[in-house]
Amino acid sequence: MRLRVFLAIPFVLLASRAFGASALEPTERFPMGSSPIAIVRNTDPAKPFTVAGEHGAIFGQQDGECEAWVFPVKVLSHLRITAELKGYPVPIDVNSLPGAIEVNPGRTTITYSHAAFTIRQHMFASRGGDGAPPVILFEFASVRPMKLTFSFTPVVERMWPAPNFGRPSAEWIAQGDSGYYVLHTNSSDLAAAVAIPGAQSGILQPYQERPRFYPLQFQLNFDPAHDANRLFPLLIALGKEHDDFAGALTSLNHSVPELFASTQEYYRQLLSRSLQVDSPDPVFNQAVQWAIVSIDQMQVKFGDETGMVAGYYSSGDSARPGFGWFFGRDTLWTLYAVNSYGDFALTRHALDFLFARQREDGKMMHEFSQTAGLVDWKSLPYWYASADSTPLAIMAMDDYVSASGDIAYLKSHWDSIEHAYTFLRAHDSDGDGIYENTEGTGWVESWMPSMPHQEVYLAALDQQATESMSRLARLLGNQQLSSTAKEAANKIGAKLASEYFDSDKHFYAFSRNADGTLDTRATIFPAVAWWSGRLTLPNSGAMLSRWASNEFSTDWGTRDVGKDEDIYDPISYHQGSVWPLFTGWVSLAEFRAGRPLSGTAHLMQNAHLTFEQDLGAVTELLSGAFFQPMGRSSSHQLWSSAMVLSPGIRGLLGIEADAERKTLRVAPHLPASWEKVSVQQVPLGPLRLKVEMLRSKESLVITATSPAPAVFCLAHEAGEHSVCEHPARTREQLTLPLPGAEIELPQDLPEPGSSTRRMKVVDEHRDAHELSLTVEGWPGTTHVLALRRHRKNVTVEGADSTANSVTVKFRDGEGWQTQTVVVHW
């Protein structure tokens, strides 16, 4: 083992002779621009940020302290800045200064504000390039010259669970008037280099000193007379011990403007070709676009493949940045959103990655580390830990084919789909025809008093996967398999309805034991039964009402376990916390079950979370008691952002594609205040349609337009309707009746730390002449709802009303109160 610590002067001379590359130079300032969906806020040091790309990322807090990864290696952490102004004899902790954060799809900027200077820390992870590391660009403005010290901890640590080599040792390599650090590990296969052009080294402890850790430092002198139009990049290179780090840093240094421009262009094109919503609600419009960006940023290159990681958060002193591994079920739940906004190439890449790791018996993978190739991954318990990835893979393929019409891709992976289906049917130890938790977990990874034998969650996925298998087999002409799968799906659906239903509680049980008894704890998991739109659970009205009530619904999302259950713990991982994932499941179930007011409330909770923590992304989980994310919640979570898109597009807008029949199904549930909504780039196979929805008197007029003549139809009802046979055209129209009046709830989030106090709509019933609502509220509260009248003779019972509002008041008392509001016409 070599101890790589050097005396500065002798080594600098040797290093200068050994490395003949040209000196690094600051970058001339170039225009950066701002995205139309940029988010700008005052910084909150307690909140995180994520700048992620396919090859690396920067994770940190909004005070600017951060860590940098070149996947799968964390190169440095705890980056901080100190400033010393000329003639101003006090060091200034820059990261403690007030400031602002601006988050764009391709750039995040943190601005530090002092009376004498402004510092901007621009960060981007390149896209559309050749795998360059992430870059930080520092921009300075000052009334006086100043000395800046950038301190950081050298790490050079591979992502867990790969073995590592302890803290690296540092060499300072002089280059002209500046230089760079080489960070050595005790392996010749792993080293890194870090530079800031124009900077000198700071503390570099000689060997003779008593052992003590000092952060590495860059010291930079900034003169506003000469440097005001310059950007100073922090550059990173990763490689092996004897690689040409000088050349790599120089190449990156020269490429910064081009890499920045290509990254901005990448995101511009992504958003221009993806589904876009123009509605009266700018929060929803922006949240849709940010969800697309957030999902796209979870792609990671793994050799020649592209997989999707589950979530990001600063790793701190660990070697795992949140859920920065490739995850099967997280990817598969998310692909429904990807298909909805039309990035079919991403869906194929993601499925290819998962199918390449399918086990020989057909089981689909769940977790795969970015460093799996550096350990005996098969001996670890993560790869195939979950049972749900296998049915979800069949469902996701069906959804992809429905949206894209890509039968060729289905054919190319048919063996994988058949093997997955065989695995489902082979795991039924009690012979009831339903897939079990006999190998791997369903949803929960722990449960009291023991792990379940058969979960309603997994059984509902099995039914939908089996029905999907029937559809896919029919598309490929395998009528026998299609018929047997359809029969199996029908049997599973019937058993779900009979064996899982608790008639005393009017609720579907969480799980079924091997002896036929039920765990009847009330959970959110039956909500997945409505996911595909082809399965429903009968006699579910009371269950849907409880999900909408304060028993499950907070003011920021839905708990997975009812708060009256014996295992409820609002700060647990699985027994009472709020996941935007669950909120999305319930929202789509409510839209499909005819409860759009509660469905919209839950959807908009997820949409508003886009702007609450890691700006532009939605967090993994929050407390079930108070509006606050969990401390270890992955702040940029893949499927959380997907749960803005899936219920938003398929539920609120009611848009789903059937490319086989060239038909776009539209069953919208628009908020009452929306006079008009326009949706661009709606995917239907190879087509990209513009869909406009306009209220006109007592009707909703839906118009779909193609940029060129094409064969397509609009339909309101789902089902096995005939293939569209209209001649090629550019326009198709559908008119739907509107009720005599509509109601809309306020949509926002409470203040951080709040408990649940907002009114809930726990039941909704509509007929030809009235809308009847059962509402639930906290004592002494008043709630104003928007009222839209389509007829003159509208009256309201159970609440005060004006021409355009309904006011619901709850009397003083204790505990949640329920009352009925009826709107007649």
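Calculation rules
Residues numbered from 1 in each chain as written. Predicted model: local features only at pLDDT ≥ 70, side-chain atom pairs only at ≥ 80, totals over all residues. Heavy atoms only, no water. Helix = DSSP H or I, 4+ residues; strand = E, 2+ residues; numbered from the N terminus. Rg over C-alpha atoms; globule rule 2.2 N^0.38 Å. Buried < 20%, exposed > 50% of the residue type's maximum accessible area, 1.4 Å probe, protein only. Contact = heavy atoms within 4.5 Å. Areas by Shrake-Rupley, 256 points an atom, 1.4 Å probe, with all protein chains shown as cover. Pairing = 2+ DSSP bridges. Axes fitted to C-alpha atoms, helices over the stretch in contact; angles between N-to-C directions. Phe/Tyr/Trp six-rings, centres within 6.5 Å; stacked < 30°, edge-to-face > 60°. Expected span 1.5 Å × (residues − 1). Parallel < 35°, antiparallel > 145°, perpendicular 65-115°, else oblique. Left-handed = near helix turned anticlockwise from the far one by under 90°. Nonpolar A, V, L, I, M, F, W, Y, C, P; charged D, E, K, R; others polar. pLDDT = per-residue confidence, 0-100.

Details of the overall build of the chain
Broken down by element type, the chain carries 15 helices and 45 strands. Computed over its C-alpha atoms, the radius of gyration of the chain comes to 29 Å, within 12% of the 28 Å expected for a compact globule of 825 residues. For the C-alpha atoms alone, the extent of the chain along its principal axes is close to 90 × 60 × 60 Å. For the chain, with 825 residues in total, the buried portion stands at 61%. For the chain, restricting intrachain contacts to residue pairs at least 6 apart in sequence, the fraction spanning at least 24 positions comes to 65%. If you sum the accessible surface of the chain, you get close to 30,500 Å²; carbon and sulfur atoms cover 51% of it.

Observations concerning the sheet that holds strand E35 (residues 699–710)
Sheet strands associate in pairs through backbone hydrogen bonding, adopting either a parallel or an antiparallel arrangement. Sheet architecture is open: five strands sit in the order E19-E33-E34-E35-E37, paired in antiparallel fashion. With one partner strand each, in any of the chains shown, strand E19 (276–278) and strand E37 (729–737) form the two edges of the open sheet. Pairwise comparison of adjacent strand axes, ignoring direction, gives a mean angle of 20° for this sheet. Sheet topology note: the strand E33 (residues 676–684)/strand E34 (residues 687–696) ladder contains seven bridges and is antiparallel. Within E34, the position partnered with Pro683 by the bridge is Arg688.

Comments concerning the environment of Ala57
Assignment of secondary structure puts Ala57 in strand E4 (residues 56–61). Separated by 67 residues in the primary sequence, Ala57 and Phe124 have C-alpha atoms spaced 8.2 Å apart. Setting aside chain neighbours within four positions, we find Ala57 in contact with Val51, Ala52, Glu67, Ala68, Trp69, Phe71 and Pro134.

As for the packing of aromatic side chains
How two aromatic rings sit relative to each other is set out by the distance from centre to centre and by the angle between their planes. Summed over all chains, the structure comprises 58 aromatic pairs. Ring centres of Trp333 and Trp585 lie 5.2 Å apart, and the angle between their planes is 45°; this geometry places the pair in the tilted category. Placement of Trp333 in helix H5 (residues 328–341) and of Trp585 in helix H13 (residues 580–592) is noted, with a sequence separation of 252 residues between them. Here the two residues Trp333 and Trp585 agree in accessibility, since each one is buried.

Describing helix H15 (residues 638–652)
Compared with an ideal rise of 1.5 Å per residue, which puts 15 residues at 21 Å, H15 spans 21 Å between its outermost C-alpha atoms and is within 8% of the ideal. Across the 15 residues that make up H15, a large majority, 15, are buried. Looking one or two places after H15, you find Gly654, whose phi comes out positive at around 65°.

Points about the sheet that holds strand E45 (residues 817–824)
With antiparallel pairing, the four strands of this open sheet are ordered in space as E39-E40-E45-E42. Taken across any chain shown, the strands that pair with only one partner, and hence form the sheet edges, are strand E39 (760–766) and strand E42 (795–797). Each adjacent strand pair in this sheet contributes to an overall mean axis angle of 20°, direction not counted. Relative to E45, E42 runs antiparallel, the two being bridged by three bridges. Across the sheet, residue Val796 finds its bridge partner in E45, namely Val823. Contacting E39 and strand E40 (770–777), helix H14 (residues 596–609) crosses the sheet at an angle of about 145° to E39.

Describing the pairing of strand E11 (residues 135–142)
Most of E11 is tucked away, with seven of its eight residues classed as buried. Bridge count for strand E10 (residues 117–124) against E11 is eight bridges, and the pairing is antiparallel. Its bridge partner lying in E11, Thr118 is registered against Ala141. By the bridge criterion, four bridges tie E11 to strand E18 (residues 230–239) in an arrangement that is antiparallel. Each bridged residue has a counterpart across the sheet, and for Glu139 the counterpart in E18 is Leu231.

Quick notes on the packing of H5 against helix H7 (residues 389–404)
Remark: H5 packs on H7, axes separated minimally by 9 Å, with the N-to-C direction vectors making an angle of 15°. Classified by the interaxial angle, the pair formed by H5 and H7 is roughly parallel. The handedness of the crossing between H5 and H7 is left-handed. Of H7, the residues touching H5 (which contributes Gly328, Arg329, Leu332, Trp333, Leu335, Tyr336 and Asn339) are Ser389, Leu392, Ala393, Met395, Ala396, Asp399, Tyr400 and Ala403. Looking at the contact of H5 with H7, its residues break down into 10 nonpolar, three polar and two charged.

Remarks on H7
For H7, which comprises 16 residues, the first-to-last C-alpha distance of 22 Å matches the rise-based estimate of 22 Å (1.5 Å per residue) to within 8%. Of the residues one or two after H7, Gly405 is the one with positive phi, at around 75°.

Topic: unusual backbone geometry
Note the cis peptide between Trp160 and Pro161, where omega equals 15°. Summarising the element assignment, Pro161 is placed in the loop between strand E12 (146–158) and strand E13 (169–175). Here the phi dihedral of Lys697 falls at roughly 60°; this positive angle occurs in a residue that is not glycine. Turning to its location among the elements, Lys697 is positioned in the loop between E34 and E35. For Lys697, a relative accessible area of 76% gives the class exposed.

Quick notes on the confidence of the model for the chain
Per-residue pLDDT for the chain has a mean of 94; in total, 97% of the residues score no lower than 70. Note on residues 1–20: pLDDT is under 50 here. Beyond four places in sequence and across chains, it has 30 contacts.

A look at the pairing of E34
Residue alternation in E34 divides its side chains into a buried set, Leu687, Leu689, Val691, Met693 and Arg695, and an unburied set, Arg688, Lys690, Glu692, Leu694 and Ser696. The turn linking E33 back onto E34 is made up of two residues, and Gly685 within it adopts a positive phi angle of 60°. Where E34 and E35 come together, seven bridges link them in antiparallel fashion. What sits directly across from Ser696, in E35, is Ser699. Hairpin connection, E34 to E35: the antiparallel pair is bridged by two residues, and Lys697 has positive phi, about 60°.

What to know about the side chain of Ser549
One can find Ser549 in the loop between helix H12 (541–548) and H13. Since its relative accessible area comes to 8%, Ser549 is described here as buried. Excluding residues that lie within four positions of it along the chain, Ser549 makes contacts with Lys760, Val762 and Glu776.

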